[in-house]
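Architecture and fold: a report
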Amino acid sequence: MSFSIVVGSQWGDEGKGRVVDLLAEKADIVARYYGGDNAGHTVTVGERTFKLHLIPSGVIQPHTTSLLGNGMVINPSVLREEMGALKDAGVDVSPDRVKISFAAHLITPGHRALDKAREKARGDEKIGTTQRGIGPAYTTKVIRSGLRMEGMLSPPDFRVSVEKHIKAINIQLRDLYDMEPLNASRIADQYKAYAEELSPYVADVGSICDQALQAGKHLLAEGAQGTLLDLDHGTYPFVTSSTPTAPGALVGLGIGLGSVDKVIGVAKAFQTRVGEGPFPTEVFEDIAQRLRGTGEHFWDEFGTTTGRPRRVGWLDSVLLRYASRINGLSELVLTKLDILSGLDSLRICSAYKKDGEMVRELPFGPGDLSPYEPDYVDLPGWEEDIMGVRAWKNLPEQAKDYVAKVEELSGLPVRLISVGPERDQIIRR
Ligand code: IMP
């Protein structure tokens, strides 16, 4: 029996998709536990690049089963499109290999409309959400009026529930946000059709995980977003509405305590974030452009889901140590080390300064980072292109020193280093 959790240790977009694809070589089951199509996981295999929003990145490995956990919020229209694209690329997405928890919640056009309306109403205080309806869908879940996948097992009843749900949202759209109501009957018809198509995928994901673990199989849980976007432990209120941290894997899949073997944190060799919120090590101008890229490559720092340019900055080890504590990380995967090639000198934030004092650990989490200024360790860069390097010994000394510094400051071993988007552009240690 083995159960590993892959979790983002920054603000998402750490490259979890390509890491999960790689680790899935040895997994029987890959399961997503929280979030929805706000996530965008990119996996490159040879000539093909897959962009996944809902289905776990492990689906590309043909021997795996893919699970979508009860913690997820699923937009059935996006799911159908994603399944269609995978099918066209020859990936099997039949109910034999893709299963969705009966207790996962559904996102509707009502949730999306509310997300947009609320962001607009926030004005300058907007969160910068992906506008995929994530917050409103989790809100309806928490106030206990959500739509669950299990409803799809009876399409006519499901149709009635969807119509009622849209009518309720219309009241909010009209009265609170002065917006046009949605066509409840048309949406209900559409969701009935989705129910007829997707009901074969409805399953008891928790029970499947339990049976697999009892049978000695290898389960890999794939986190979406990242630790600093966690509703409780992130940079609140600039967070998502779910639990991307490792403990979320247990709740979001329905697995009991005591079964976790390894928690693998994925961190970019620098730091990025999309949307609003604090970012102490953020950089601007030339260096920002250099780290972000121009957008000409799909791995440049532009959102997979929204296309928004990502904010970029130096690696922040205060936040990395925090992520290690909150998730109970056992090891790190460091991604995009290749992007640092050619920079004269590199920086890592080792601590914060506040009123002349050094702060190594955050006293009250990362909610308010405004009083802190980063204190940096400067390291020499390297000239060589490292995208072709596959062995640790062949990395330039400065690159090895950089990784060693990340290990020292995070207190975690770096087991894998990615030096490009391809499956084989990886250094194992
Ligand atoms: P929401 O999840 O759409 O409500 O967005 C809340 C915040 O989380 C915003 O700052 C988004 O940019 C950010 N966010 C949500 N999902 C992702 C992701 O997969 N990668 C990076 N940022 C994300």
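Counting restarts for each chain: residues are numbered from 1 in the order of the written sequence. Two thresholds apply to this predicted model, a pLDDT of at least 70 for residue-level local features and 80 or more for giving and counting side-chain atom pairs, whereas whole-chain, interface and lining totals are computed over all residues. Where side-chain values are given, they derive from all heavy atoms of the structure, hydrogens and water being excluded.

Further remarks concern the domain arrangement of the chain. The source of the domain bounds is an automatic or database domain assignment. Split into domains, the chain comes out as domain 1 (2-101 + 203-263), domain 2 (105-198) and domain 3 (267-428). For domain 1 and domain 3, the distance between their C-alpha centroids amounts to 23 Å. Taken together, the contacts link 39 residues of domain 1 with 42 residues of domain 3. The quantity reported as buried area is the accessible area (1.4 Å probe) lost by two parts once they are put together, taken as the sum for both. Taken together, the two surfaces of domain 1 and domain 3 that pack against each other cover about 3,300 Å², and 54% of this comes from carbon and sulfur. By definition here, a salt bridge exists when the distance from a side-chain nitrogen of Lys or Arg to a carboxyl oxygen of Asp or Glu is within 4 Å. Across the contact surface, domain 1 and domain 3 share three salt bridges. A contact between two residues is defined here by any heavy atoms of the two lying within 4.5 Å.

The next subject is the sheet that holds strand E19 (residues 414-418). In this analysis, strands are considered paired if DSSP registers two or more bridges between them. Where helices and strands are cited, they refer to DSSP runs of H or I of at least four residues and of E of at least two residues respectively, numbered from the N terminus. The 10 strands lie next to each other as E9-E7-E5-E2-E10-E1-E11-E15-E19-E20, forming an open sheet whose pairing is mixed. Lying at the two open borders of the sheet, with one neighbouring strand each, are strand E9 (202-203) and strand E20 (426-428). As paired strands, strand E15 (residues 331-335) and E19 are joined by three bridges and run parallel to one another. Counterpart to Val-333 in the pairing with E19 is Leu-416.

Take the site of the ligand next. Only heavy atoms are used to decide nearness, and a residue is near a molecule or strand if one of them lies within 4 Å of it. In the vicinity of the ligand lie 15 residues, with Asp-13, Asn-38, Thr-130, Thr-240 and Arg-308 positioned nearest. Within the side chain of Thr-240, an N or O atom sits 2.6 Å from an oxygen atom of the ligand. Expressed as a share of its isolated accessible area of 470 Å², the protein-covered part of the ligand is 97%. Each residue receives one of three labels: charged for Asp, Glu, Lys and Arg, nonpolar for Ala, Val, Leu, Ile, Met, Phe, Trp, Tyr, Cys and Pro, and polar for the others, Gly being one of them. Classifying every residue of the shell around the ligand gives six nonpolar, seven polar and two charged. Definition of a polar contact: a pair of N or O atoms within 3.5 Å, with one able to donate and the other able to accept a hydrogen when the atoms are protein atoms, and with sequence-neighbouring residues admitted only if both atoms are side-chain atoms. Method for areas: the Shrake-Rupley scheme with a 1.4 Å probe, in which residue coverage is limited to the protein chains shown.

Time to look at the pattern of salt bridges. Tallying each qualifying case throughout the model produces 27 salt bridges. For the salt bridge of Asp-13 with Arg-310, the shortest nitrogen-to-oxygen distance reads 3.2 Å. Pair noted here: Asp-13 is in the loop between strand E1 (2-8) and helix H1 (16-23) and Arg-310 is in the loop between helix H9 (285-292) and strand E13 (311-313), with a separation of 297 residues, a long-range link. Owing to a relative accessible area of 23%, Asp-13 belongs among the partly exposed residues under this scheme. Between Lys-336 and Glu-301 there is a salt bridge, with its nearest N and O atoms 2.7 Å apart. A simple rule labels every residue: compare its accessible area, found with a 1.4 Å probe on the protein chains alone, to the largest value its type can have, and call it buried under 20%, exposed over 50%, or partly exposed in between.

The next thing to look at is the nonpolar core. Counting 59 residues, the largest nonpolar core has Phe-3, Leu-337, Leu-340, Tyr-402 and Val-406 as the members making the most contacts within it. Broken down by element, the residue count for this core peaks at five residues, all from helix H11 (residues 397-410). Aside from chain neighbours lying at most four places away, what touches Phe-3 is Leu-213, Leu-219, Ala-221, Ala-249, Leu-250, Ile-255, Ser-259, Val-260, Asp-261 and Lys-262. Counting 35 residues, the second-largest nonpolar core is a separate cluster that includes Leu-54, Ile-55, Val-91 and Met-149. To define a nonpolar core, start from buried Ala, Val, Leu, Ile, Met, Phe, Trp, Tyr and Cys residues and group those joined through side-chain atoms within 4.5 Å.

For a regular strand, the rule is simple: side chains alternate between the two faces of the sheet. In terms of burial, E1 is a largely internal element, six of the seven residues being buried. In the sheet, E1 pairs with strand E10 (residues 218-222) via five bridges, with the strands oriented parallel. Directly across from Phe-3, in E10, lies its bridge partner Leu-219. As paired strands, E1 and strand E11 (residues 262-268) are joined by five bridges and run parallel to one another. Opposite Gly-8, over in E11, you have Val-266 as the bridge partner.

A few words now on the side chain of Ser-4. Counting through the fold element by element, Ser-4 comes out in strand E1. Residues contacting Ser-4, with those up to four places away along its chain left out, are His-218, Leu-219, Leu-220, Ala-221, Lys-262 and Ile-264.

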